[in-house]
Amino acid sequence: MEYPAERYGASPRPYQGLTELQYPFHDRTVTVTHCGRICIGRRKINLSHVFAGQQVGIREIAEKKMADLNANDVDAACRMLVGSARSMGLEVME
């Protein structure tokens, strides 16, 4: 019986890496920090250290969803969205 290293060889093609990711339907793209969080203003949202250094697309929804939310101002809308994020299992640090 052969081991995989005995059976298969290295690829002759060099690895070029991934192309830059595009998020066309998101408001902006941010880079996840080395500790696995994204920082938006004063808010810090923990994703996972697996995403460290990766670009992620985000949508600014507080201003856009003001009409749908039962909030008087943007800060109240942010608090509502933070509560929703926590209920989905995301850790939000202020």
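In what follows, the accompanying structure is described. (Residues numbered from 1 in each chain as written. Predicted model: local features only at pLDDT ≥ 70, side-chain atom pairs only at ≥ 80, totals over all residues. Heavy atoms only, no water.)

## Some details on the overall build of the protein chain
Argument step 1. Counting secondary structure elements, the protein chain contains 2 helices and 5 strands.
Argument step 2. The order of α-helices and β-strands along the protein chain, N terminus first, is α-β-β-β-β-α-β.
Argument step 3. Summing over all exposed atoms, the protein chain offers an accessible surface of approximately 7900 Å²; the carbon and sulfur share of this is 54%. (Helix = DSSP H or I, 4+ residues; strand = E, 2+ residues; numbered from the N terminus. Areas by Shrake-Rupley, 256 points an atom, 1.4 Å probe, with all protein chains shown as cover.)

## Focus: helix α2 (residues 74–87)
Argument step 1. Compared with the 20 Å implied by 1.5 Å per residue over 14 residues, the 20 Å span of α2 between its first and last C-alpha is a close match.
Argument step 2. Every buried residue of α2 is listed here: Ala76, Ala77, Cys78, Val82 and Ala85.
Argument step 3. Phi turns positive, to about 100 degrees, at Gly89, one or two residues after α2. (Expected span 1.5 Å × (residues − 1). Buried < 20%, exposed > 50% of the residue type's maximum accessible area, 1.4 Å probe, protein only.)

## Points about the pattern of salt bridges
Argument step 1. Considering all chains together, one arrives at 1 salt bridge under this definition.
Argument step 2. Among the ionic pairs, Glu2 bridges to Arg7, the shortest N-O distance being 3.6 Å. (Salt bridge = Lys/Arg side-chain N within 4 Å of Asp/Glu carboxyl O.)

## What about the side chain of Asn46?
Argument step 1. Within the secondary structure layout, Asn46 lies in strand β3 (residues 43–46).
Argument step 2. Side chain to side chain, Asn46 and Arg37 meet in a polar contact 2.9 Å long. (Polar contact = N/O pair within 3.5 Å; in protein donor to acceptor, adjacent residues only side chain to side chain.)

## Concerning the pairing of strand β2 (residues 37–40)
Argument step 1. Summarising the sheet, β2 and β3 pair through 4 bridges and their orientation is antiparallel. Bridge assignment links Ile40 to a residue of β3, and that residue is Arg43.
Argument step 2. Connecting β2 to the antiparallel partner β3 that follows it, the hairpin turn spans 2 residues, and Gly41 within it adopts a positive phi of roughly 65 degrees. (Pairing = 2+ DSSP bridges.)

## Structural notes on the environment of Phe51
Argument step 1. Tracing the backbone shows Phe51 in the loop between β3 and β4 (55–58).
Argument step 2. Residues Phe51 and Cys35, spaced 16 residues apart in sequence, show a C-alpha to C-alpha distance of 8.9 Å.

## What to know about the environment of Val82
Argument step 1. By the element assignment, Val82 lies in helix α2.
Argument step 2. Separated by 37 residues in sequence, Val82 and Ile45 have C-alpha atoms that sit 9.5 Å apart.

## Topic: the nonpolar core
Argument step 1. Counting residues in each nonpolar core, the largest one holds 5 residues, listed as Val30, Val32, Ile38, Val56 and Ile58.
Argument step 2. Aside from chain neighbours lying at most four places away, what touches Val32 is Arg37, Ile38, Leu47, Ser48, Phe51, Ala52, Gly53, Gln54 and Val56. (Core = buried A, V, L, I, M, F, W, Y, C linked by side-chain atoms within 4.5 Å. Contact = heavy atoms within 4.5 Å.)

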